[in-house]
Amino acid sequence: MTPPKTNWARPIDTPPYYGYALRPGVTFTYLGLKISDRALVQRPDRPLVNVWAAGEMIAGSILGQGYLAGFGMTIGTVFGRIAGREAAAHVLSGH
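Some points on the overall build of the chain
Right, on to step 1. Secondary structure assignment for the chain yields 2 helices and 2 strands.
Right, on to step 2. When burial is assessed residue by residue, the chain has 19% of its 95 residues classed as buried.
Right, on to step 3. A separation threshold of at least 6 residues defines the contact pool for the chain, and within that pool the share at least 24 residues apart is 44%.
Right, on to step 4. By element, 62% of the accessible surface of the chain is carried by carbon and sulfur atoms, the whole surface being about 7,800 Å².

A word on the pairing of strand β2 (residues 47–52)
Right, on to step 1. As paired elements, strand β1 (residues 40–42) and β2 share 2 bridges and run antiparallel to each other. Paired with Gln-42 across the two strands is Pro-47, which belongs to β2.
Right, on to step 2. Between the end of β1 and the start of β2, which pair antiparallel, lie 4 residues.

Details of the pattern of salt bridges
Right, on to step 1. Across all of its chains, the model carries 3 salt bridges by this definition.
Right, on to step 2. Two residues, Arg-43 and Asp-45, come together in a salt bridge whose shortest N-O distance is 3.7 Å.
Right, on to step 3. On the basis of relative accessibility, which here comes to 41%, the residue Arg-43 falls in the partly exposed class.
Right, on to step 4. A residue is classified by how much of its surface remains accessible, and Asp-45, at 58% relative accessible area, is exposed.
Right, on to step 5. Members of the salt-bridge network, linked through shared partners, are Arg-38, Arg-85 and Glu-86.

Section: the environment of Lys-34
Right, on to step 1. By secondary structure assignment, the location of Lys-34 is in the segment before β1.
Right, on to step 2. Classification of Lys-34 by relative accessible area gives exposed; the value is 56%.
Right, on to step 3. For the pair formed by Lys-34 and Ala-59, sequence separation is 25 residues and the distance between their alpha carbons is 9.2 Å.

About the criteria used
- Residues numbered from 1 in each chain as written.
- Predicted model: local features only at pLDDT ≥ 70, side-chain atom pairs only at ≥ 80, totals over all residues.
- Heavy atoms only, no water.
- Helix = DSSP H or I, 4+ residues; strand = E, 2+ residues; numbered from the N terminus.
- Buried < 20%, exposed > 50% of the residue type's maximum accessible area, 1.4 Å probe, protein only.
- Contact = heavy atoms within 4.5 Å.
- Areas by Shrake-Rupley, 256 points an atom, 1.4 Å probe, with all protein chains shown as cover.
- Pairing = 2+ DSSP bridges.
- Salt bridge = Lys/Arg side-chain N within 4 Å of Asp/Glu carboxyl O.

Here it is as structure tokens:
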């Protein structure tokens, strides 16, 4: 069988068969966007001037490996607040 069966795979060999419509979602971005302590998205050579990120899109940069329950909500809240504050300050400064 390709790909090889793993301990999570189960054969589908006994009817009746049922189908359910599913919608994909992003749970992990593993090594997503790198940000500064002010939530600015980083390029290899410098931070971007007006792009901030928070939540699951930065999870890999903070965790490195593994996952903690509720972590996406936590970094969404913490870095969302930081990113919002920094973006507002950027706009108010006229840049």
